[in-house]
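Residue-level listing of the chains:
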Amino acid sequence: MLLKLDPDKVRSEEITDVEAICADSVFKCYQCGKCSAACPAAPEMDMLPNQVIRYLQLGMFDKIMQSKTPWICASCLQCMTVCPKGVDLAKIMEAVRTVHLRKGEGVLDMNKCDEDYKKRAPQIALISGLRKFQSLS
Ligand code: SF4
Ligand code: SF4
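Given the structure is predicted, the values throughout are model-derived calculations rather than measurements. (Residues numbered from 1 in each chain as written. Chains lettered and ligands numbered in written order. Predicted model: local features only at pLDDT ≥ 70, side-chain atom pairs only at ≥ 80, totals over all residues. Heavy atoms only, no water.)

### Notes on the nonpolar core
As a reminder, the rule being used: By nonpolar core we mean a set of buried residues, namely Ala, Val, Leu, Ile, Met, Phe, Trp, Tyr and Cys, connected to one another through side-chain atoms within 4.5 Å. Accessibility here uses a 1.4 Å probe with only protein chains present; expressed as a share of the type maximum, an area under 20% marks a residue as buried, one over 50% as exposed, and anything in between as partly exposed. Counting from the N terminus, the helices are the DSSP runs of H or I reaching at least four residues and the strands are the DSSP runs of E reaching at least two.
Membership of the largest hydrophobic core comes to 28 residues, with the highest contact counts inside it found for Val18, Leu56, Phe61, Ile92 and Val96. When residues of this core are traced back to their parent elements, those giving at least two are helix 2 (13-22), helix 4 (49-57), helix 5 (61-65) and helix 8 (89-102). For this core, the element with the most residues is helix 8, which contributes six residues.

This is how it looks when you write it as structure tokens:
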């Protein structure tokens, strides 16, 4: 039986945000698996890179949020160099992390950190936190 994906039916709010942030469509991917075969971090992942895209295509963002894969991705771009469809998975992983953080889960709240940590926290972490919460508009 042929299963046909209708992007307009499965595109949830999170998937729309991911595509807006990375300025690309997750539906370009046709699941050849070359990205996962080339990914140097795949042995440490609990969900392969092509599976992340598949869950996005199915509108199952919650499934990805339970995985550590987007946080393990090293943005090395190896996957993009082998992808026959030119999918930039590093950008998609970053967009997934951003959408995840905007949900407010696992976010570092500086108001709750002790003074010692605030002095030691790298400034780049603060800048990064601000960028993640910038409005999409
Ligand atoms: S290599 Fe590209 S087309 Fe193939 S599964 Fe990965 S992202 Fe999809
Ligand atoms: S960018 Fe991420 S998903 Fe792509 S090969 Fe590197 S570690 Fe793997």
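Moving on from the model shown.
### Here's the deal with the confidence of the model for the protein chain
Inclusion rule: Per-residue confidence from the predictor is reported as pLDDT, which spans 0 to 100.
Looking at the protein chain as a whole, its pLDDT mean stands at 86, while 87% of the residues score no less than 70. Confidence scores differ between elements of the protein chain, with helix 10 (residues 123-132) showing the lowest mean pLDDT of 68 and helix 3 (residues 34-38) the highest of 98.

### Here we look at the side chain of Glu14
To keep it simple, the criterion reads: Polar contact is defined as a pair of N or O atoms within 3.5 Å, subject to the rule that within protein one atom must be able to donate a hydrogen and the other to accept it, and that residues adjacent in sequence are counted only when both atoms are side-chain atoms. Two residues qualify as a contact provided that any one of their heavy atoms is within 4.5 Å of a heavy atom in the partner residue.
Mapped onto the elements, Glu14 comes out in helix 2. Of the residues examined, Glu14 reaches a relative accessible area of 18% and is grouped as buried. Polar side-chain contacts of Glu14 include one of 3.3 Å to the side chain of Ser12. Apart from residues no more than four positions distant in its own chain, Glu14 is found in contact with Phe61, Val99 and Lys103.

### Focus: the site of ligand 1
Rules: We call a residue near a molecule or strand when any one of its heavy atoms sits within 4 Å of it. Buriedness for pockets is judged along seven lines, at least five of which must meet protein on both sides within 12 Å for an open set on the 1 Å grid over protein atoms alone, while cavities are sets there where a 1.4 Å probe fits but cannot get out, and lining residues have an atom within 4 Å of a point. Put plainly, a molecule is in a cavity or pocket when over half of its atoms are within 2 Å of the grid points there. Ten residue types, Ala, Val, Leu, Ile, Met, Phe, Trp, Tyr, Cys and Pro, are classed as nonpolar, four, Asp, Glu, Lys and Arg, as charged, and the remainder, Gly among them, as polar.
Surveying the vicinity of ligand 1 reveals the residues Cys29, Tyr30, Gln31, Cys32, Gly33, Lys34, Cys35, Asn50, Cys83, Pro84, Lys85 and Val87. Comparing atom positions with the cavity grids shows ligand 1 to sit within the largest cavity. When the residues that make up the shell around ligand 1 are grouped by side-chain class, the tally is seven nonpolar, three polar and two charged.

### Points about the site of ligand 2
Around ligand 2, the neighbouring residues are Cys39, Pro40, Pro49, Cys73, Ala74, Ser75, Cys76, Leu77, Gln78, Cys79 and Ala90. Looking at the shell around ligand 2 residue by residue, the class counts come to nine nonpolar, two polar and no charged.

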